[in-house]
Amino acid sequence: MIIYIAVITIVTNLCLATLVFLRNRRHPVNILVVIFILLLTLWTVANTCSLLPVDAAQRLFWVRAVMFVTTPIPLVFFLIAYFFPNKPEKVNRVLLVFLTAVTACVLLLTPTSLMFSSYSFVGGKPSLTPGPAAALYGLNFSMLSLAAFLSLVSKYRNSMGRQKAQVFFVVLGLILTVALGFSTNFLAVVVWNNLSMVALGPSFSLILVIFLTYAIVKHRLLDIKFVIVRSFGYLFFMSTVALLYIGGLFLLGEFFTEQQRDTVDVVYGVIVSVFAALTFQPLRRFIEKLTEKVFFRNAYDARKLLHELAHIASTNIVLQELISLFLKKLQQEMKFSSLTLVIPGSQNAVFSTDKKNLTREAEKRFYLLSSDFSSVRKILLFSEVPESDGKEMARKYGLMAALDLRVGEKLMGTLFLGEKSSGDDFTLEDLSVLEILCPQLSIAVKNALSYDEISTFNQKLEQEVARATRKLQKTNATLRQLDRLKDEFVTIASHELRTPLTAIKSYLWLSLQGSSTLSNEVRQHLEIAYASSERLIHLVKNMLMISRIEGNHFGLKLKSFNVIHLISQVKEELQVKADERKIRFIFNPTTKKVNIIADQEKIREVLQNIIGNALKFTPVNGKVSVEVSHMSLIVGIKVIDSGPGINKKDQQKLFQKFSRIEHSYQKMVNSGTGLGLYISQQIIQLHSGSIQVTSSKKSGTSFSIQLPVN
Amino acid sequence: MDSKILIIEDEPALLELYIFLLKKAGFRVEGVGNGMLGLKKIIKNTYDLVLLDVMLPQKDGLELLASLRKRKIKKLPIIILLTNLDQESIFEKAAQLGVSDFLIKSDVLPDEFIVKVQKWLS
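Being a predicted model, the structure only gives us computed values, none of them experimental. (Residues numbered from 1 in each chain as written. Chains lettered and ligands numbered in written order. Predicted model: local features only at pLDDT ≥ 70, side-chain atom pairs only at ≥ 80, totals over all residues. Heavy atoms only, no water.)

### Some details on the sheet that holds strand β7 (residues 410-418) of chain A
All names here are of chain A.
Thinking step 1. Taken in spatial order, the 5 strands make up an open sheet running β4-β3-β7-β6-β5, and their pairing is antiparallel. Taken across any chain shown, the strands that pair with only one partner, and hence form the sheet edges, are β4 (350-352) and β5 (379-381). Strand-to-strand twist across the sheet, computed as the mean angle between neighbouring axes with direction ignored, equals 20°.
Thinking step 2. By the bridge criterion, 8 bridges tie strand β6 (residues 399-407) to β7 in an arrangement that is antiparallel. Bridge pairing in β7 links A401 to L417.
Thinking step 3. Of the strands in this sheet, β5, β6 and β7 touch helix α15 (residues 428-514), which is tilted by about 50° from β6. (Pairing = 2+ DSSP bridges. Helix = DSSP H or I, 4+ residues; strand = E, 2+ residues; numbered from the N terminus. Axes fitted to C-alpha atoms, helices over the stretch in contact; angles between N-to-C directions. Contact = heavy atoms within 4.5 Å.)

### Things to note about the environment of S142(A)
Residue and element names in this part refer to chain A.
Thinking step 1. You can see S142 is positioned in helix α6 (residues 132-158).
Thinking step 2. Residue class for S142 comes out partly exposed when judged on its relative accessible area of 32%.
Thinking step 3. Considered as a pair, S142 and A179 are 37 residues apart in the sequence and their alpha carbons are 8.9 Å apart.
Thinking step 4. Within polar-contact distance, the side chain of S142 engages the backbone oxygen of G138 at 2.7 Å. (Buried < 20%, exposed > 50% of the residue type's maximum accessible area, 1.4 Å probe, protein only. Polar contact = N/O pair within 3.5 Å; in protein donor to acceptor, adjacent residues only side chain to side chain.)

### A short note on helix α3 (residues 56-70) of chain A
Thinking step 1. Spanning 15 residues, α3(A) covers 21 Å between terminal C-alpha atoms, matching the ideal 21 Å at 1.5 Å per step.
Thinking step 2. Inspection of α3(A) places R59(A), L60(A), V63(A), R64(A), A65(A), V66(A), M67(A), V69(A) and T70(A) among the buried residues, and these make up the whole buried set. (Expected span 1.5 Å × (residues − 1).)

### Let's talk about the packing of α15(A) against helix α1 (residues 12-24) of chain B
Thinking step 1. At a minimum axis distance of 9 Å, the contact between α15(A) and α1(B) shows a crossing angle of 35°. Every pair of crossing elements has a handedness; the one defined by α15(A) and α1(B) is left-handed. Contacts between α15(A) and α1(B) involve T499(A), T502(A), A503(A), S506(A), Y507(A) and L510(A) from the former and A13(B), L14(B), E16(B), L17(B), Y18(B), F20(B) and L21(B) from the latter.
Thinking step 2. Considering only residue class, the contact of α15(A) with α1(B) consists of 9 nonpolar, 3 polar and 1 charged. (Left-handed = near helix turned anticlockwise from the far one by under 90°. Nonpolar A, V, L, I, M, F, W, Y, C, P; charged D, E, K, R; others polar.)

### A short note on the environment of Q656(A)
Residues and elements named next belong to chain A.
Thinking step 1. Looking at the secondary structure, you find Q656 in the loop between α19 (648-653) and α20 (659-663).
Thinking step 2. Residue Q656 is classed as partly exposed on the basis of its relative accessible area, which comes to 34%.
Thinking step 3. For the pair Q656 and Q681, spaced 25 residues apart in sequence, the C-alpha to C-alpha distance is 9.3 Å.

### Looking at the sheet that holds strand β14 (residues 700-708) of chain A
Hydrogen bonds between backbone groups are what pair the strands of a sheet, and the pairing can be parallel or antiparallel.
Residue and element names in this part refer to chain A.
Thinking step 1. In spatial order, the strands read β9-β11-β12-β14-β13; together these 5 strands make up an open sheet with mixed pairing. Looking at the sheet topology across the chains shown, the edges are occupied by β9 (584-587) and β13 (690-696). Sheet twist, expressed as the mean angle between neighbouring strand axes with direction ignored, is 15°.
Thinking step 2. Where strand β12 (residues 634-641) lies against β14, 7 bridges are found, and the strand directions are antiparallel. The partner of G636 across the bridge, within β14, is Q706.

### Some remarks on unusual backbone geometry
All names here are of chain A.
Thinking step 1. The phi torsion at K582 lies on the positive side, around 55°, for a residue other than glycine.
Thinking step 2. With respect to the element layout, K582 can be found in the loop between α17 (563-580) and β9.
Thinking step 3. Phi at N621 is positive, roughly 70°, even though this residue is not glycine.
Thinking step 4. Topologically, N621 is positioned in the loop between α18 (600-617) and β11 (623-630).
Thinking step 5. Taking the relative accessible area as the measure of exposure, N621 reaches 59% and is therefore exposed.

### Some points on the confidence of the model for chain A
All names here are of chain A.
Thinking step 1. Residue-level pLDDT values for chain A average 78, and 81% of them are 70 or greater.
Thinking step 2. Within chain A, α20 has the poorest average pLDDT of any element, 48, and strand β8 (residues 559-562) the best, 92.
Thinking step 3. pLDDT under 50 marks residues 661-671. Its contacts with residues more than four places away, or in other chains, come to 14 contacts. (pLDDT = per-residue confidence, 0-100.)

### A few points about the interface of chain B and chain A
Thinking step 1. Opposite the 23 residues of chain B that make contact, chain A presents 20 residues.
Thinking step 2. When chain B packs against chain A, close to 1,900 Å² is buried across both sides, 60% of that on carbon and sulfur atoms.
Thinking step 3. Together, N84(B), D86(B) and S106(B) form the three largest contributors to the area buried by chain B at its contact with chain A, with a combined 27%.
Thinking step 4. Along the contact surface separating chain B from chain A lie 1 salt bridge. (Buried area = accessible area lost by both parts, 1.4 Å probe. Salt bridge = Lys/Arg side-chain N within 4 Å of Asp/Glu carboxyl O.)

And the structure:
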């Protein structure tokens with residue numbers, strides 16, 4: 001029986017040691033755990049040998065071997081506590097050397113009689129006589145264990161999440177193993193001289209093994225691979241099934257007959273096989289569920305969670321809101337310590353549920369990390385990644401996995417999953433939930449980014465339009481102001497020009513009228529001066545009018561009047577000029593009355609100008625006639641002269657400002673200001689009418705005006 | 001022909017011209033060079049006709065007309081605006097303030113000017 005327990009303990013211990021050693025050969029805790037387990041195994045061997053029915057001398061040798069093997073155990077225990085879970089920043093070398101020296105001293109004393117002097121049988125019961133070194137051994141053991149215990153307890157208090165769960169199981173396992181082993185195999189022997197429980201000692205190491213395994217499987221202790229964790233679950237399931245079948249076979253064998261055991265065994269074997277095949281699937285599911293419950297807490301309803309997340313993804317379009325709601329929900333339900341989403345295409349590239357720790361520096365690091373792992377598809381578990389800076393960083397920020405968000409080939413972002421706050425590992429369900437929601441989130445992020453882009457663009461556009469409008473309004477106001485100033489200037493300037501011109505014109509007139517003593521020559525000069533002053537006054541008047549027409553300050557005073565009457569008046573005024581040059585001035589209207597609605601004075605100016613020009617450019621003894629044609633809505637006025645005509649090229653420029661100067665600096669014989677036709681055209685156009693010219697060298701020139709009746 | 005005429009005109013050359021023309025036509029004429037004096041004279045004396053410029057120092061023609069209206073003088077003389085400011089808005093405002101006629105200085109010849117005055121005084 002003792003040997004069976006020993007063999008099971010040794011095999012289990014060696015398996016665990018190999019696993020831990022293979023996982024990370026360089027990490028101090030891994031190495032120490034391996035040494036610790038090996039020492040426990042050696043102790044089991046020595047302890048078992050000491051209990052074999054051999055003579056007292058041999059037994060004393062094995063007892064001393066036990067003492068030798070167990071002496072370093074508290075030191076290793078302390079070192080594990082010292083280096084767990086990671087190497088401290090400052091290693092106290094002096095302390096470590098001192099403790100090692102003490103252990104070495106005790107180690108040297110173990111084979112001597114100072115530890116145990118004799119092994120004897122008192123009344124059929126084995127008895128050991130402890131020496132003074134036994135006390136030193138006990139002191140070393142208990143002090144180091146206490147120190148290790150205290151260190152682990154403080155580490156347990158300061159750790160969080162997964163680490164806290166890990167530390168808890170390691171502490172519990174170590175303490176139970178060390179305390180129980182020390183009590184049964186040292187205290188009982190030395191203090192009460194009771195060796196009856198010595199055989200149990202090594203089996204206590206199984207407690208540590210169980211706790212370590214539990215921590216490895218459930219809380220990823222010592223970075224054991226996810227696959228191994230899964231295999232362990234499967235192994236557990238397989239062995240359970242095997243046990244059940246063996247038990248079933250054994251029970252059936254016991255119940256039924258013993259005589260036909262051989263044939264019956266075969267029949268039962270077949271029955272059991274069929275039963276196994278039939279029950280495999282349901283049993284598997286049941287046991288899987290059971291293992292999930294034991295090892296992983298299944299706290300959320302996956303279907304409900306997916307439904308809610310899909311709802312969030314489909315009802316939120318603003319990136320910030322979408323992500324904050326999505327991450328919050330996911331974190332709440334799946335209980336992650338943190339969730340961080342890196343979206344390179346957005347303004348705030350990094351979003352996290354853990355806002356306190358999301359410093360600028362961390363943001364930058366996350367950003368870099370996302371580019372490190374962006375080539376990975378689906379889910380990346382950091383535990384499965386080879387050691388690298390990225391992995392180191394993931395460890396620092398307590399990250400377990402990364403998910404890529406892709407739409408087609410385009411990478412939208414990376415989601416980093418923190419540890420589960422329960423310390424649990426991912427379940428298969430977790431993984432499938434994450435795989436389902438990944439594309440959902442990707443599409444939602446893509447939509448939100450597009451929306452963000454459009455709304456930013458819209459905002460910019462609005463701002464731009466508002467800015468342009470403001471600028472335009474300002475420019476408009478400035479132009480209005482300028483226009484007003486120009487108008488004012490022209491008004492004042494024309495007034496200022498007219499005043500001295502009035503004086504000149506009037507005094508010249510007086511001089512020409514009043515005195516008859518002037519010589520013909522002087523009179524002629526004064527007449528030229530008088531005509532020039534009149535022309536200048538006319539020019540000023542025209543300039544003022546153009547300024548008003550062009551500045552839209554030219555108001556029309558519309559009223560109904562008889563246009564035939566108006567033409568007659570103008571003819572009367574200009575008759576003198578016609579007579580001077582012996583021109584036949586003809587106006588024979590067919591009707592006496594044609595009423596139009598227009599500005600009478602402005603139309604008068606136009607007629608004075610057009611008819612005046614005709615008289616001016618028609619040679620002596622020529623002919624000028626005015627004709628009126630009246631249709632229902634339009635009145636046409638035609639002024640025809642028998643002048644020299646205007647060539648085609650000049651006709652086009654006739655209605656331009658200072659048209660004469662345009663094509664030649666040579667002045668015509670009868671000079672005007674060159675503004676009259678331009679002003680006439682503007683006035684007619686203000687009345688919604690039109691004016692044209694036709695001319696030929698044979699028949700002279702004719703101007704046609706069309707004016708609407710109303 | 002014993003009518004009394006006041007000319008309010010700041011341009012000496014023109015003031016002299018109008019005084020000369022009117023005296024020659026047989027009127028009694030007084031002339032002043034700014035709006036303030038013109039207003040005082042109208043209030044103090046009685047005139048048959050006032051020839052009023054618009055752009056004047058101290059008080060312009062329109063202001064003078066407004067002051068006159070406020071004082072509610074019983075018998076106002078005939079007022080003719082005599083200006084070179086060719087602006088419809090001014091004529092409209094002046095008409096509202098009781099002006100009888102407008103003359104554009106640069107457009108009227110001396111004989112036309114006298115004819116106009118005589119017409120208003122007859």
